[in-house]
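Overview (structure and organization)
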Amino acid sequence: MIKRWYIALIAVVGICSAARAQAPSDTLRLTLDGAVDMARTRSVAAAAALDELRSAYWQYRTYRAELLPEITFKANVPSYSKRYSSYQNSDGSYSFVRDDNLSLNGEISLSQRIWPTGGTVALTTSLDFVRQLSGAKGNQFMSVPVALTLNQPLFAANDIKWDRRIEPVRFSEARARFFTETEEVAMQAINYFFNMLIARDDLANARQNLANAEKLYEVARAKRQMGQISENDLLQIELTLINARSSVSSDESTLKSHTFQLASFLGLDTSTPIDLVDPSRLPDIYIDFAQALDLALVNNPFADNLKRRQLEADYDVAKAKGQMRDVSIFAQVGYTGTDRNFDGAYRGLRDNQVVQVGISLPILDWGKRRAAVKVAESRRELVENTLRKEALDFNSNLFVLVERFNNQREQLRLADRATEIAQRRYNTNVETFMVGRISTLDLNDSQQSKDEARQRQLSELFYYWSYYYQLRSITLYDFASRSPIDVTKLVID
């Protein structure tokens, strides 16, 4: 009971931490970090990323299991036959004989792949029983108490050796890709978060512009009655008022749409009111390109992807060369015994030995196998050149991203200053219009500049966080806490 309460308490604390706070009015107060946390755990994209990791995990488990010994039981219990079968006599002629018997057989084998050579060794024991039901009726037992079997190809590519090199890299790539995809989910959450934030700010700005336009229109009407402004100026201000009302209606619809999209992405009830916290407080971070590149080469799935593709290209060449000639050895040593009684089949045992060397060498294949080797080698060269180009592009893109992030704080500072100046200019122009010292064109221009400056300010803030989470996605490193990104409590069912 205490354990259940403890688990429930952890769940409640986790939900509260993701949402950061929830007002008494059931309005969800959501920070950017809270939205990111919820996206990682509750979004459909995060669930899809986890499903891909589970699939890769079980593929890796399958590979590991294939390296271990395997115990197999085979049996026919029973097999009944009642028919005529052809039989060759001593003089070469054929006759048909009646076959009416009941047979049972079983075999238990312990097999193991040989890692260094790629062969297979097996230890088996078997028992066969036949009961003749017509003619010379009777029982017959044949036992193989123990038999050791070796099956070894000599020149073929060693699949086990290549799997041991490729599969761990493949799983490491899948694991790193999962962490990267969770960060990409975070970037999607940031997009939805800022779409709603910008829509909310646009609506607030549109409502403020509407309130100002209504006041200015009342002042303009009074001035027109006193003959201080022209009819054209009054109509221009009235048009501005109509446009302001249209903007409020449009921005309300846009805000509802973006709120619905954010709630749906985070797995929330779409009817839940959401109050976003302005993420204007920035962490004091400077990212060094050399450090970011080192982290990316260690943590990013791109590095494992390059290594895996190179290994697979080398493996294809090795397989093509191994198929040029086929030589294999099959050997079996053990004991066998037969008798009409069960006990007798395990007494008086005799040697049971088989040695077989199979050879398949092409005498005339018109260069087909050699051409297959050349094709594999050409593809490997193409892969190597492609990987080199992708590595250069990766480094170049990472450098550009780091430079943009480091420069974005200054861009945001300038945008903040521009917004402050544009707002002060607009306020001054409104006051000046009240006393009749500015035209409507100048007033509208200052309002447009104010709106554009605020939009640019939010855009620069979005770019800052977008660049930051892109770098987290690439390096799998949290530069704010200076710690690697990992999922410490991942459970794969």
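Below: a short report on this structure. Bear in mind the structure is a predicted one, so any value in this text is a computation, not a measurement.

Applying the stated criterion to the full structure yields 22 aromatic pairs. Ring geometry for Tyr57 against Phe171: centres 6.2 Å apart, planes inclined by 55°, an arrangement best described as tilted. Residue Tyr57 is found in helix α3 (residues 44–66), and its partner Phe171 is found in helix α4 (residues 159–226); the two are separated by 114 residues along the sequence. Its relative accessible area of 21% is what places Tyr57 among the partly exposed residues. Ring geometry for Tyr477 and Phe479: centres 5.1 Å apart, planes at 70°, overall edge-to-face. Per residue, the accessibility class of Tyr477 equals that of Phe479, and both read buried. The rings of Tyr57, Trp58, Tyr60, Tyr63 and Phe171 are connected pair by pair, giving a single aromatic cluster. Note that Lys450 overlies the ring of Tyr426, its terminal NZ or CZ placed 5.0 Å from the centroid.

Next up on the list: the pattern of salt bridges. Pairing between side chains of opposite charge can happen when their charged atoms approach one another. One pass over the structure, following the stated rule, counts 23 salt bridges. The closest approach of N and O atoms between Arg54 and Asp51, which form a salt bridge, is 3.3 Å. Separated by three residues within a single helix, Arg54 and Asp51 lie in helix α3, roughly one turn from each other. Here Lys374 ties to Glu377 by a salt bridge, and the two come within 4.0 Å at their closest N and O atoms. Remark: Glu377 and Lys374 occur in helix α8 (residues 368–434); sequence separation between them is three residues, near one turn of the helix. Where salt bridges share partners, they join Glu167, Arg170, Glu173, Arg177, Arg308 and Glu312 into one cluster.

In this section: the nonpolar core. Counting 69 residues, the largest nonpolar core has Phe194, Leu266 and Trp465 as the members making the most contacts within it. With 17 residues, the single largest contributor to this core is α4. Apart from residues no more than four positions distant in its own chain, Phe194 is found in contact with Leu32, Pro279, Leu458, Leu461, Phe462 and Trp465. Within the second largest apolar cluster, seven residues are counted, among which are Leu53, Ala176, Phe178 and Phe179.

What follows is about the side chain of Thr475. When you line up the elements, Thr475 lands in helix α9 (residues 440–475). Of the residues examined, Thr475 reaches a relative accessible area of 0% and is grouped as buried. In this view, Thr475 contacts Ala292, Leu295, Ala296 and Asn299; residues no more than four positions away in its chain are not counted.

Attention now goes to α4. Taking 1.5 Å per residue, 68 residues should reach 100 Å; α4 reaches 96 Å between its end C-alpha atoms and fits that length. Of the residues flanking the start of α4, the one acting as N-cap is Asn158, its side-chain oxygen 3.1 Å from the backbone nitrogen of Ile160. Directly after α4, the chain includes Gly227, whose backbone phi takes a positive value near 75°.

The rules behind these values
Residues numbered from 1 in each chain as written. Predicted model: local features only at pLDDT ≥ 70, side-chain atom pairs only at ≥ 80, totals over all residues. Heavy atoms only, no water. Phe/Tyr/Trp six-rings, centres within 6.5 Å; stacked < 30°, edge-to-face > 60°. Helix = DSSP H or I, 4+ residues; strand = E, 2+ residues; numbered from the N terminus. Buried < 20%, exposed > 50% of the residue type's maximum accessible area, 1.4 Å probe, protein only. Lys NZ or Arg CZ within 6 Å of the ring centre and 35° of its normal. Salt bridge = Lys/Arg side-chain N within 4 Å of Asp/Glu carboxyl O. Core = buried A, V, L, I, M, F, W, Y, C linked by side-chain atoms within 4.5 Å. Contact = heavy atoms within 4.5 Å. Expected span 1.5 Å × (residues − 1). Polar contact = N/O pair within 3.5 Å; in protein donor to acceptor, adjacent residues only side chain to side chain.

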